[in-house]
Amino acid sequence: MKSIIDELKQVISKNKISQENVARDLGVTLVTLNRWVKGKAVPRRSAENKIKTFIARCDSTKNIGIKDLSTDSLGECIYTEEQLKDFALKIKTENSKIFEFVVNLIDLIPEKNRNYDWNVGSILQHFDAEIVVDAIKKIDNLPRLHNSIGLSWVLGEMNRKDVFVLNYLKDVVRYSTDGDAMWRAAFSLENLDNEEAIVILKRIVKIDKTKDLEYYIDNINDKKSLVAILVMSNSDNIQNIIYPNVKEV
């Protein structure tokens with residue numbers, strides 16, 4: 001009988017989905033997913049349920065062609081890399097107003113759900129970096145985009161090291177209210193600026209002095225809490241407080 005991880009590996013291979021996309025859809029780190037895939041760890045019950053949902057979703061969308069994809073449908077689920085690449089190619093070959101399309105795609109991110117956000121990030125990687133960056137510059141009230149994980153991810157992948165991109169990502173780390181977007185922006189800065197993401201996070205994120213270590217451990221699923229724990233850790237509380245509590249989680 002196939003294990004849930006064997007089924008997941010089969011879906012990843014058959015649908016040509018990158019492991020990073022799978023990890024972000026499941027809400028885990030790439031390291032955690034790699035440990036599951038290599039048999040070095042077993043997902044907990046809550047993670048198993050997410051994996052089952054992911055597999056079912058892939059089965060229900062595997063026959064969807066690019067003719068069925070639209071701006072509206074991008075919020076329904078996270079599509080495969082191959083589907084989104086084909087969709088981007090279709091836009092580039094059939095749409096004479098590519099720049100306007102990209103601006104609209106980005107401008108809708110704050111109004112849509114997380115599926116839309118991730119799908120847009122995956123689509124944008126197939127457009128010229130200059131078009132994407134110029135499109136972001138056209139957005140009114142740029143802080144509206146600070147909670148976008150997709151944009152924070154794709155800007156790091158595009159390897160565009162201009163001042164605007166670096167400042168945008170730094171602003172996401174400073175001001176985003178979404179811990180995942182903040183985290184992703186820091187790792188994109190690491191790709192572009194050769195400074196470790198954890199160093200960026202520890203320097204930029206301001207820890208609320210009214211909250212104690214126990215609060216952050218209780219809220220460890222928030223990436224900002226992880227940074228707070230790193231900043232507040234020392235040789236004593238790592239052994240007596242952090243390790244025992246995190247082990248339970």
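Located above this text is the structure these notes cover.
Here the structure is a predicted model, which means the values were calculated and not measured.

S.K.: I tried to follow the overall build of the protein on my own but got confused; where do I start?
M.R.: A count of helices and strands for the protein gives 15 helices and zero strands. Computed over C-alpha atoms, the radius of gyration of the protein comes to 19 Å, within 12% of the 18 Å expected from 2.2 N^0.38 for 249 residues, which places it in the range of a compact globule. Along the first, second and third principal axes, the C-alpha atoms of the protein reach 60 × 55 × 30 Å. A burial count over the protein gives 44% of its 249 residues as buried. Put simply, 63% of the contacts in the protein that link residues at least 6 apart link residues at least 24 apart. Total accessible area on the protein stands at roughly 13,400 Å², and carbon and sulfur atoms take up 47% of it.

S.K.: Help me understand the nonpolar core in this model?
M.R.: Here is a general trend for soluble globular proteins: nonpolar side chains tend to be buried in one another's company. Of all hydrophobic cores here, the largest spans 61 residues; its most connected members are L74, I106, L124, L151 and V173. By residue number, the principal contributor to this core is helix α11 (residues 179-193), which donates seven residues. The residues contacting L74, other than those within four sequence positions of it, are Y79, L84, F87, L105, N115, Y116, N119, V120 and I123. Counting residues in each nonpolar core, the second largest holds 17 residues, with A23, V37, F54 and I55 among its members.

S.K.: Even after reading the chapter, I still don't get the packing of helix α9 (residues 149-157) against helix α10 (residues 163-175), so can you show me in this structure?
M.R.: Pairs of packed helices are described in terms of their axes, by the angle between the two and the distance that separates them. Where α9 meets α10, the closest approach of the two axes is 11 Å, and the angle between their N-to-C directions is 140°. Considering how the two elements wind past one another, α9 and α10 form a crossing that is left-handed. Contact residues: L151, S152 and L155 in α9; V165, Y168, L169 and V172 in α10. Tallied by class, the residues present in the contact of α9 with α10 amount to six nonpolar, one polar and no charged.

S.K.: It is not clear to me how the packing of helix α6 (residues 98-107) against helix α8 (residues 129-137) should be interpreted in this structure. Could you clarify?
M.R.: Taken N-terminus to C-terminus, the directions of α6 and α8 make an angle of 55°; their axes are 9 Å apart at the nearest point. Taken together, the axes of α6 and α8 lie oblique to each other. Between α6 and α8 the crossing geometry is right-handed. Packed against α6, whose contacting residues are F99, V102, V103 and I106, the element α8 presents I131, V132, D134, A135 and I136 at the interface. The residue makeup of the contact of α6 with α8, split by class, is eight nonpolar, no polar and one charged.

S.K.: Where do I start with helix α15 (residues 235-248) in this structure?
M.R.: Within an α-helix, residues lying three or four positions from one another point in the same direction, as the helix has 3.6 residues per turn. With 14 residues, α15 should cover 20 Å at 1.5 Å per step; its first-to-last C-alpha distance of 19 Å lies within 8% of that length. Within α15, the axis deviates most sharply at I242, by approximately 40°, and proline P244 lies no more than four positions further along. For α15, the N-terminal capping position is held by N234, with its side-chain oxygen 3.0 Å away from the main-chain nitrogen of D236.

Conventions used here
Residues numbered from 1 in each chain as written. Predicted model: local features only at pLDDT ≥ 70, side-chain atom pairs only at ≥ 80, totals over all residues. Heavy atoms only, no water. Helix = DSSP H or I, 4+ residues; strand = E, 2+ residues; numbered from the N terminus. Rg over C-alpha atoms; globule rule 2.2 N^0.38 Å. Buried < 20%, exposed > 50% of the residue type's maximum accessible area, 1.4 Å probe, protein only. Contact = heavy atoms within 4.5 Å. Areas by Shrake-Rupley, 256 points an atom, 1.4 Å probe, with all protein chains shown as cover. Core = buried A, V, L, I, M, F, W, Y, C linked by side-chain atoms within 4.5 Å. Axes fitted to C-alpha atoms, helices over the stretch in contact; angles between N-to-C directions. Left-handed = near helix turned anticlockwise from the far one by under 90°. Nonpolar A, V, L, I, M, F, W, Y, C, P; charged D, E, K, R; others polar. Parallel < 35°, antiparallel > 145°, perpendicular 65-115°, else oblique. Expected span 1.5 Å × (residues − 1). Bend = angle between axes of the 7 residues up to and from the residue. Polar contact = N/O pair within 3.5 Å; in protein donor to acceptor, adjacent residues only side chain to side chain.

Function cannot be read off these values alone, since they describe shape.
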